[in-house]
Amino acid sequence: QVQLVESGGGLVQAGGSLRLSCAASGRTFRSYVMGWFRQAPGKEREFVACISRGGGSTDYTDSVRGRFTISRDNAKNTVYLQMNTLKAEDTAVYYCAASPALYPRELQTLYDYWGQGTQVTVSS
């Protein structure tokens, strides 16, 4: 069992930055691929980024590549999402998730554990 708690969301102006954190419980954090997803009002939840167990591989959806950076600290059981050059269309609830699969990327059904989400609002 893994419990995930996101933090770091808030209100920011377009062009600004935020760093989201996701703290995981348990001693098996390094066994999971970690992902970030987001859900904007009236839209389906979508993949944002993921990172491999050791942190050596990352992947991003096209709309955030070059602006967002996912990273993890296995010693602290935490995954991060650094978001730069934020745009109004980045406004959403952001969720972190954990998957035991080899490399699930955007396949949400392969993520077994989800956090409660943190709101990010970008004003234009």
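Heads up: these notes are all about the structure in this document. (Residues numbered from 1 in each chain as written. Predicted model: local features only at pLDDT ≥ 70, side-chain atom pairs only at ≥ 80, totals over all residues. Heavy atoms only, no water.)

### Here's the deal with the overall build of the chain
And then number 1: The secondary structure content of the chain amounts to 0 helices and 11 strands.
And then number 2: Ordered by position from N to C terminus, the α and β elements of the chain give β-β-β-β-β-β-β-β-β-β-β.
And then number 3: Here the chain has a C-alpha radius of gyration of 13 Å; the compact-globule value for 124 residues is 14 Å, and the two agree.
And then number 4: Overall, the chain is about 40 × 25 × 25 Å in size when its C-alpha atoms are taken along their principal axes.
And then number 5: The buried share of the chain, reckoned over its 124 residues, is 47%.
And then number 6: Long-range pairs, those at least 24 residues apart, make up 59% of the contacts in the chain between residues at least 6 apart in sequence. (Helix = DSSP H or I, 4+ residues; strand = E, 2+ residues; numbered from the N terminus. Rg over C-alpha atoms; globule rule 2.2 N^0.38 Å. Buried < 20%, exposed > 50% of the residue type's maximum accessible area, 1.4 Å probe, protein only. Contact = heavy atoms within 4.5 Å.)

### What to know about the sheet that holds strand S1 (residues 4–7)
And then number 1: With respect to topology, 4 strands assemble into an open sheet ordered S1-S3-S8-S7, the strand pairing being antiparallel. Both edges of this open sheet fall to S1 and strand S7 (68–73), since each of them pairs with a single strand only. Adjacent strand axes in the sheet meet at a mean angle of 15 degrees when their direction is disregarded. (Pairing = 2+ DSSP bridges. Axes fitted to C-alpha atoms, helices over the stretch in contact; angles between N-to-C directions.)

### Notes on the environment of Gln-13
And then number 1: Structurally, Gln-13 can be placed in strand S2 (residues 10–13).
And then number 2: Overall, the relative accessible area of 60% leaves Gln-13 in the exposed class.
And then number 3: Each C-alpha atom of the pair Gln-13 and Val-122 lies 5.4 Å from the other, and the pair is 109 residues apart in sequence.
And then number 4: Among residues more than four places away in sequence, those in contact with Gln-13 are Val-122 and Ser-123.

### Some thoughts on the packing of aromatic side chains
What describes a pair of aromatic rings is the distance from one ring centre to the other and the angle between the planes of the rings.
And then number 1: All told, the structure shown has 5 aromatic pairs when counted by the stated rule.
And then number 2: Among the aromatic residues, those joined into a cluster by ring pairs are Phe-37, Phe-47, Tyr-111 and Trp-114.
And then number 3: When the ring centre of Phe-29 is taken as origin, the NZ or CZ atom of Arg-72, which lies over that ring, is 4.5 Å away. (Phe/Tyr/Trp six-rings, centres within 6.5 Å; stacked < 30°, edge-to-face > 60°. Lys NZ or Arg CZ within 6 Å of the ring centre and 35° of its normal.)

### Details of unusual backbone geometry
And then number 1: Positive phi, close to 55 degrees, is recorded for Asn-77, a residue that is not glycine.
And then number 2: Assignment of secondary structure puts Asn-77 in the loop between S7 and strand S8 (78–83).
And then number 3: You will see that Arg-105, though not glycine, has its phi angle at about 50 degrees, which is positive.
And then number 4: Along the chain, Arg-105 turns up in the loop between strand S9 (92–99) and strand S10 (113–114).

### Quick look at the nonpolar core
And then number 1: Counting residues in each nonpolar core, the largest one holds 30 residues, and the members touching the most others are Leu-4, Trp-36, Leu-81, Met-83 and Tyr-94.
And then number 2: Among the elements of the structure, strand S3 (18–24), strand S4 (33–39), strand S5 (46–51), S7, S8, S9 and strand S11 (118–123) are those that each provide at least two residues to this core.
And then number 3: Formed by 6 residues, the second largest nonpolar core is a distinct cluster that contains Phe-37, Cys-50, Ala-97 and Tyr-111. (Core = buried A, V, L, I, M, F, W, Y, C linked by side-chain atoms within 4.5 Å.)

### A short note on the state of the cysteines
And then number 1: Applying the stated criterion across every chain, the model contains 1 disulfide.
And then number 2: The cysteine Cys-50 is free of any disulfide, with Cys-96 supplying the nearest cysteine sulfur at 13 Å.
And then number 3: For Cys-50, a relative accessible area of 0% translates into the label buried. (Disulfide = S-S within 2.5 Å.)

### Focus: the pairing of S7
And then number 1: Only one face of S7 is buried: it carries Phe-68, Ile-70 and Arg-72, and the other face, with Thr-69, Ser-71 and Asp-73, is open.
And then number 2: Inspection of the sheet shows S7 paired to S8 by 6 bridges, in the antiparallel sense. Considered in S8, the bridge of Thr-69 is made with Gln-82.
And then number 3: Between the antiparallel neighbours S7 and S8 lie 4 residues, among them Asn-77 with a positive phi of about 55 degrees.

Taken by themselves, the reported measurements are silent on function.
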